[in-house]
Amino acid sequence: MTDVTLKVEGMSCGHCKAAVEKALKGLPGVASVAVDLAAKEVAVRFDGTETGIEAIKTAIDDAGYDVVS
């Protein structure tokens, strides 16, 4: 399993948190998602043989939020 924490702009409420969690949990191989609204971060644990960082970033972007490099 691989752990990654990404900075995400645009999240400000419970709806934002739920939208990002739903988008990421729908990806194959994602074991857990933890959104920290105060820190504007998303921690994701995933199986790198099933999904990757780019797919995670795309899912966040498609949900309407911006991953900050």
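Residues numbered from 1 in each chain as written. Predicted model: local features only at pLDDT ≥ 70, side-chain atom pairs only at ≥ 80, totals over all residues. Heavy atoms only, no water.

- Going by what an unreviewed UniProt entry lists, the chain is known as Copper chaperone CopZ and is assigned to Heliobacterium modesticaldum.
- Turning to the chain, the UniProt record has this under Subcellular location (unreviewed entry): "Cytoplasm". (UniProt positions renumbered as here; feature names shortened; annotations may be inferred.)

### Digging into the nonpolar core
- Grouped together as the largest cluster of nonpolar side chains are 18 residues, with contacts concentrated most on Met11, Val20, Leu24, Val42, Val44, Ile56 and Ile60.
- Of all the secondary structure elements, the ones that give two or more residues to this core are strand E1 (2–9), helix H1 (14–25), strand E2 (30–36), strand E3 (41–46) and helix H2 (53–62).
- With residues up to four places along the chain from it excluded, the contact list for Val20 reads Met11, Val35, Val42, Ile60 and Tyr65. (Core = buried A, V, L, I, M, F, W, Y, C linked by side-chain atoms within 4.5 Å. Buried < 20%, exposed > 50% of the residue type's maximum accessible area, 1.4 Å probe, protein only. Helix = DSSP H or I, 4+ residues; strand = E, 2+ residues; numbered from the N terminus. Contact = heavy atoms within 4.5 Å.)

### Thoughts on the pairing of E1
- Where E1 lies against E3, six bridges are found, and the strand directions are antiparallel. Paired with Val4 across the bridge in E3 is Val44.
- Bridging between E1 and strand E4 (residues 66–68) involves three bridges; their strand directions are antiparallel. Paired with Glu9 across the strands is Asp66, a residue of E4. (Pairing = 2+ DSSP bridges.)

### Quick look at unusual backbone geometry
- A positive phi angle, close to 55 degrees, is found at Lys40, a residue other than glycine.
- With respect to the helices, strands and loops of the structure, Lys40 is situated in the loop between E2 and E3.

### With respect to the UniProt feature "domain: HMA" (unreviewed entry) in the chain
- Taken from the UniProt record, the annotation "domain: HMA" (unreviewed entry) applies to residues 2–68.
- Helix makes up 33% of residues 2–68 and strand 36%. Its end C-alpha atoms lie 19 Å apart.

### Some details on H2
- Of the residues making up H2, those classed as buried are Ile56, Ala59 and Ile60. Along H2, the residues classed as buried sweep out an arc of 100 degrees about the axis, all on the same side. Exposed residues pointing more than 90 degrees away from the buried face of H2 are listed as Glu54 and Asp62.
- Buried-residue contacts for H2 involve E1, H1, E3 and E4. (Arc of directions from axis to C-beta.)

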